[in-house]
Amino acid sequence: MSEADQSARFRYRLSGRREREQDVFFEDALDPALWEPGDEGEWDTCWHTGMPERAVFRATAPNRTVNHIPGNNCLTIKSRLDATLRAMRERATAAYGEGSALAWRTAFVPTVYSMPRDYHALLSAAADNPDQLWMLKPKNGARGRDIRLLDDVAETPTDDRWLVQGYLHRPHLMKDRKYVLRLYVLVSSIEPLRVYVYEQGFAKLASCPYTLEDRSNPYVHQTNPDVNARNTDAESPVVFIDFTRYRAWLREQGHDDQLLFERIDDLIALTMIGAREPMRSATARFEADPRGCYELIGLDCLVDEDLNPWLLECNLSPSLGVCAAPNDGGVVEEQVKHQLVTDMVALVGLNEPDRQRVGADGTPEELAAEADAEAGRAGGFRRVYPTAEPERYLPFFPFPRRADMILARHVAGRPMRNPSARRWRVAEVIADDQLTLYAEASGEVFAPNPTASLIWLHASDGGDPDTVVREVVAASGLAPDSDPQAVAAVERQVWDAFADWSRDGLLIQTSPHGADREDTEPRTNSDAGRIDVAEPIHRLGLLCGANPLEVRGWSRPAFRRLERIFGPMQRSGSDAAARQVEIVRSRRGFSVMTDGTAIAENLSLAALGPWLVEDFLARAPEAGEIALPAALVRFPSTGDQSAPRNVLLCREGRAADDRLALAIREETGNEVSGGVRIDLAETGCVHGIGLPLRRAHDPKATDGSTRGMPLWSFGCTGILEASEPGRALQAVEAIVIARNATDEHGSDQAECIGVHAALAYLLPQVSEPGVEHPGRQTVSRIAEWLHERPIYAVDADISVERVLELIATADRDASTADNAEAVRTTTDSAER
């Protein structure tokens, strides 16, 4: 056995879901004279990709470490990151005012809406900001999977896998491409909190030039290397530019790179301060020793045109593999990541043979010595908290803990006044010499013991921790000089009480200097527009065929959309006989109520309009009539015609669109009505209902005609004019069925078809009053009605000129006789 093997005293364990590339740098960084491979049962340090099981955390100790901190998902899950930073922003706003500099500094995250909780708040925000773009993301996704820009916020899925984030559509560009900065952040201790950022990182570029005209292209809008690696059309799909070259490029462009990275340091420090209490609480629940836990996080920032950094996400176990090709930054990427892990191992002291980590209960001398020694081993890491100006950051803690203040004074090198606190969202009940506290935010009830009650009474009256310590020591009869350990225990108890009550929302910190304070009243919601406050009732009176309807509800976004969809059907005045339809907000969308009964539930905003169209169509026909989701087109009379000609344009199925009818409407100006009632009992006349028509959405459209509308757009501006709903028209002279394009039918081909083929297309779309499916007598009447006019099947993309030519030359040829024979056979069979 070699001398190195004989002297090995520590074992390392590699675990988790990983590839070899996630381990190799860590192994290389460990001193082979001190370390040898271990296993699940024997280890002194664990390098785990992903999140380890609780048993790993329970095994931690000052000299037994793992590279994760329990509760890190308050950063690494996107929806929880938003909640973490929103809580910090709410505290800053409540303590110092919404317009204060402290509150303003917390606004570095695009607004996030978590489904299904924030669905209606999202709709309201989108209605108030029509030019805002929105990005759909999975809450716990990775590697850019399932991320996309929403063409229409109403399409947002409402299950709890998803969140929607405001899209930063004015990014700073590099080589005409969007980029994101990857930073490596190390939390070496959670109490006292110590945070570092690595001096090197990368600008990760998208693989296609940035443009808002191509919103569906992930290679334009995403910078994730796993996504862009799939862009086979790009010469260099994955490009990494290290910070040395990036900062030099910024200076060449005339930008202040130092100012940008100072803003980034501020963002990092505030983010980790916001996460400290959730991680500290989880560490206790997991029974982990906080001295044995540290965390390396991959933090992604987008830089906007004004060179402001925006936090997009924090990544657990950031990739240590080499993503870029050698000529696209891969060589430097490997060097940076290798040195990053080497410096991390040195900073946390894994190669220190007599390493011992000081806990939160350490003396001021121990805490200062550990922080200084750690900073001396930092290598390429730079400490961003604590700093020489701790007053910039202490106000953002719910309340700093004892070790935080000790270390802040040491790093600052000067005395500092303690913060104090005041009551916030708490109810106090004192009865029978006992105190009960109720936390309004969480609904929790606290019953402090006598010592804690004394601490509360002094703390909530504005006393700072040192003042409260003196009061408690005096009340307990302790002699400070004769029992310093007992006094130290009281000191820890008081500081923890301040911090715990502030964490739980009973107290709120007040700066010792009143920093940026503009008012003293707490504000319970600092994110304007997030809560959809009570609204007046909205009403929409419609005429659906001959049937009056009144749609009502309280959702402004829903009724804005419904007004666009059903605008041409609106009627003035009220009608006591109108059928009442109520739109009710539900947790996952909207429900539709009639007569106190829900007839549809959990419809998304995108699905609400289409569902109502189908429902109105089904309820439009009267006795002896049927309804079809077809378009009635009225061609004006010509020189040799005394009356207009009416043509029924039918879809291949309910899921198809009305592109052909709309093309005719837009090119000729002819009257078009969506949805028809056909009188089968008497006249055979067709009544236009005036329902919206469906437009096939072009995801690349930027002219506003389809922007902000769903995949199947209803009621787009300027395309919907009903031909006098409810008016009886002359019998249609031809029926045209627009089929989906196939390889067998060119775009300008037309085929004269018989009744049987037409029935196959139309019967699944027929609505008849009071029945789910049309009866046999109705089918016979439909067949009789069809055989009296020519029926054509065309491609849905046929040219308008070809349709006009087809209508002009329509006649009844020999196929009519075949149709008639088919009808007689069907009718006779039905009668039998």
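Here the structure is a predicted model, which is why all the values come from computation and not from measurement. (Residues numbered from 1 in each chain as written. Predicted model: local features only at pLDDT ≥ 70, side-chain atom pairs only at ≥ 80, totals over all residues. Heavy atoms only, no water.)

K.L.:
What should I look at first to understand the overall build of the protein in this one?
P.N.:
Along the protein, the regular secondary structure elements total 24 helices and 36 strands. Counting the 832 residues in the protein, one finds 55% classified as buried. Long-range pairs, those at least 24 residues apart, make up 70% of the contacts in the protein with a sequence separation of at least 6. Accessible area of the protein: about 35600 Å², with a carbon and sulfur share of 47%. (Helix = DSSP H or I, 4+ residues; strand = E, 2+ residues; numbered from the N terminus. Buried < 20%, exposed > 50% of the residue type's maximum accessible area, 1.4 Å probe, protein only. Contact = heavy atoms within 4.5 Å. Areas by Shrake-Rupley, 256 points an atom, 1.4 Å probe, with all protein chains shown as cover.)

K.L.:
Where do I start with the sheet that holds strand β24 (residues 579-586) in this structure?
P.N.:
Strand pairing in a sheet relies on backbone hydrogen bonds, with the paired strands running either antiparallel or parallel. Read from one edge to the other, the open sheet built from five strands follows the order β22-β23-β24-β25-β26, with strand pairing classed as mixed. Of all strands in the sheet, those bounded by a partner on one side alone are β22 (538-544) and β26 (597-603). Strand-to-strand twist in this sheet, taken as the mean axis angle between neighbours without regard to direction, amounts to 20°. Examined bridge by bridge, β22 and strand β23 (residues 547-553) share seven bridges and lie antiparallel to one another. Within the sheet, the bridge partner assigned to arginine 539 lies in β23 and is arginine 552. Along the sheet face, helix α7 (residues 119-128) touches β24 and β25 (589-594) and points at about 95° away from the line of β25. Packing against the sheet, helix α19 (residues 605-619) makes contact with β22, β23, β24, β25 and β26, and its axis sits at approximately 145° to β26. (Pairing = 2+ DSSP bridges. Axes fitted to C-alpha atoms, helices over the stretch in contact; angles between N-to-C directions.)

K.L.:
Looking at this structure, I do not really get the pairing of strand β18 (residues 426-431). What am I missing?
P.N.:
Here is the key point about a regular strand: its side chains alternate between the two faces of the sheet. In this structure, β18 lies alongside strand β19 (residues 434-439), joined through six bridges in antiparallel fashion. Considered in β19, the bridge of isoleucine 430 is made with leucine 435. Here β18 folds back onto β19 in antiparallel fashion, the turn holding two residues, of which aspartate 432 has a positive phi close to 55°.

K.L.:
Got a minute to help me understand the pattern of salt bridges in this structure?
P.N.:
Where charged atoms from two side chains of opposite charge approach closely, those side chains can pair. One pass over the full model with this rule turns up 48 salt bridges. In this structure, arginine 20 engages glutamate 27 in a salt bridge whose closest nitrogen and oxygen atoms are separated by 2.6 Å. Residue glutamate 27 is classed as partly exposed on the basis of its relative accessible area, which comes to 21%. Of the charged contacts, one joins arginine 280 and aspartate 496 as a salt bridge, the two residues approaching to 4.0 Å between their closest N and O atoms. Placement of arginine 280 in helix α11 (residues 257-285) and of aspartate 496 in helix α17 (residues 484-503) is noted, with a sequence separation of 216 residues between them. (Salt bridge = Lys/Arg side-chain N within 4 Å of Asp/Glu carboxyl O.)

K.L.:
What should I look at first to understand the packing of aromatic side chains in this one?
P.N.:
In this description, a pair of aromatic rings is defined by centroid distance and the angle of the planes. All told, the structure shown has 19 aromatic pairs when counted by the stated rule. Judged by centre distance (6.0 Å) and plane angle (75°), the rings of tyrosine 385 and tyrosine 393 are edge-to-face. Ring geometry for tryptophan 456 versus tryptophan 501: centroids 5.2 Å apart, planes at 90°, classification edge-to-face. Of this pair, tryptophan 456 sits in helix α15 (residues 450-459) while tryptophan 501 sits in helix α17, placing them 45 residues apart in sequence. When its relative accessible area of 7% is taken as the criterion, tryptophan 501 is described as buried. Taken together, the aromatic side chains of Tyr179, Phe243, Tyr246, Trp249 and Phe261 make up a single cluster linked through ring pairs. One Lys or Arg, arginine 64, reaches over the ring of tryptophan 43 and ends 4.1 Å from the middle of that ring. Over the ring of phenylalanine 261 we find arginine 247, and its NZ or CZ is 4.3 Å from the ring centre. (Phe/Tyr/Trp six-rings, centres within 6.5 Å; stacked < 30°, edge-to-face > 60°. Lys NZ or Arg CZ within 6 Å of the ring centre and 35° of its normal.)

K.L.:
What is the right way to look at the packing of helix α20 (residues 659-668) against helix α23 (residues 800-808) in this model?
P.N.:
Between two packed helices, the angle of one axis relative to the other and the distance separating the axes together describe the packing. Between α20 and α23, the shortest axis-to-axis distance is 10 Å and the interhelical angle comes to 95°. Considering the angle they form, α20 stands roughly perpendicular to α23. Contacts between α20 and α23 involve Leu660, Ala663, Ile664, Glu667 and Thr668 from the former and Val800, Glu801, Val803 and Leu804 from the latter. Tallied by class, the residues present in the contact of α20 with α23 amount to six nonpolar, one polar and two charged. (Parallel < 35°, antiparallel > 145°, perpendicular 65-115°, else oblique. Nonpolar A, V, L, I, M, F, W, Y, C, P; charged D, E, K, R; others polar.)

K.L.:
Whenever I open this one, the confidence of the model for the protein confuses me. Can you help?
P.N.:
Reading fine detail from the predicted coordinates is not recommended where pLDDT is low. In this model, the protein carries a mean pLDDT of 84, and residues with pLDDT of at least 70 account for 86%. For residues 513-534, every residue scores under 50 in pLDDT, and the model assigns this stretch 49 contacts once sequence neighbours within four places are set aside. Within the model, pLDDT remains below 50 along residues 715-726, and this stretch shows 36 contacts once partners closer than five positions in the same chain are excluded. (pLDDT = per-residue confidence, 0-100.)

K.L.:
Sorry if this is basic, but what is going on with the side chain of histidine 221 here?
P.N.:
Residue placement: histidine 221 occurs in helix α8 (residues 218-221). Within the local environment of histidine 221, its side chain forms a polar contact with the backbone oxygen of aspartate 214, the two atoms lying 2.8 Å apart. Those residues in contact with histidine 221, other than ones at most four positions away along the chain, are Leu149, Tyr167, Lys178, Tyr210, Thr211, Leu212, Asp214 and Arg215. (Polar contact = N/O pair within 3.5 Å; in protein donor to acceptor, adjacent residues only side chain to side chain.)

K.L.:
Would you take a moment to explain the sheet that holds strand β1 (residues 10-16) for this structure?
P.N.:
Ordered in space as β2-β1-β3-β4, the four strands form an open sheet in which the pairing is parallel. Edge positions in the sheet fall to β2 (35-37) and β4 (65-66), since each has one partner strand and no second. Sheet analysis places strand β3 (residues 45-49) next to β4, joined by two bridges and oriented parallel. Opposite threonine 45, over in β4, you have threonine 65 as the bridge partner.

K.L.:
Mind showing me how you'd approach the nonpolar core here?
P.N.:
Proteins that are soluble and globular tend to have nonpolar side chains buried together. Tyr246, Ile268 and Leu299 are the most contacted members of the largest nonpolar core, which has 94 residues in total. The element best represented in this core is α11, accounting for eleven residues. Setting aside its immediate chain neighbours within four residues, isoleucine 268 contacts Leu183, Val185, Val195, Val197, Leu299 and Val384. By size, the runner-up hydrophobic cluster in this structure holds 43 residues, among which are Leu123, Val164, Ala558 and Val581. (Core = buried A, V, L, I, M, F, W, Y, C linked by side-chain atoms within 4.5 Å.)

K.L.:
Is there a simple way to explain a negative patch on the surface in this structure?
P.N.:
A cluster of acidic residues, Asp39, Glu40, Glu42 and Glu53, forms a negative patch on the protein surface. Of the residues examined, aspartate 39 reaches a relative accessible area of 43% and is grouped as partly exposed. (Patch = residues over 30% accessible without salt bridge, like charges linked within 9 Å, V, L, I, M, F, W, Y side chains within 5 Å. Lys, Arg positive; Asp, Glu negative; His and termini not counted. Charge placed at Lys NZ, Arg CZ, Asp CG, Glu CD.)

K.L.:
I tried to follow helix α14 (residues 402-412) on my own but got confused; where do I start?
P.N.:
Note on helix geometry: an α-helix contains 3.6 residues per turn, so any two residues three or four positions apart are oriented the same way. By the criterion of burial, α14 is predominantly enclosed, with nine of the eleven residues buried. Here α14 has its buried residues at Arg402, Ala403, Asp404, Met405, Ile406, Leu407, Ala408, Val411 and Ala412.

K.L.:
So what exactly am I meant to see when it comes to the environment of alanine 546 here?
P.N.:
Of note, alanine 546 is situated in the loop between β22 and β23. Relative accessible area serves as the criterion here: at 41%, alanine 546 is assigned to the partly exposed category. Considered as a pair, alanine 546 and proline 621 are 75 residues apart in the sequence and their alpha carbons are 8.5 Å apart. Sequence-distant contacts of alanine 546, defined by excluding residues within four places in its chain, comprise Glu622 and Arg677.

K.L.:
Would you mind showing me how to read the pairing of strand β12 (residues 202-205) here?
P.N.:
Both faces of β12 are covered, namely the face carrying Phe202 and Lys204 and the face carrying Ala203 and Leu205. Pairing geometry for strand β10 (residues 177-190) and β12, over four bridges, is antiparallel. If you follow valine 180 over to β12, its bridge partner there is lysine 204. One ladder, built from four bridges, connects β12 with strand β13 (residues 239-242); its direction is antiparallel.

K.L.:
So what exactly am I meant to see when it comes to unusual backbone geometry here?
P.N.:
A negative phi angle characterises most non-glycine residues, just as the trans form characterises most peptide bonds. Here methionine 115 and proline 116 are connected by a cis peptide whose omega angle stands at -5°. The amide bond that connects tyrosine 385 to the next residue, proline 386, takes the cis arrangement and shows omega of 0°. Along the chain, proline 386 turns up in the loop between β16 (381-385) and α14. The phi torsion at lysine 175 lies on the positive side, around 55°, for a residue other than glycine. You can see lysine 175 is positioned in the loop between β9 (173-174) and β10. The class of lysine 175 is exposed, set by a relative accessible area of 59%.

K.L.:
Just to check I follow, could you spell out the packing of α7 against helix α18 (residues 556-566) for this structure?
P.N.:
Relative orientation of the contacting elements α7 and α18 amounts to 55°, with a least axis distance of 8 Å. Relative to α18, the element α7 lies oblique. Contact with α7, carried on its side by Leu123, Ser124, Ala127 and Asp128, involves Arg556, Pro557 and Arg560 of α18 and no other residues of that element. Across the contact of α7 with α18, the residue classes break down as three nonpolar, one polar and three charged.

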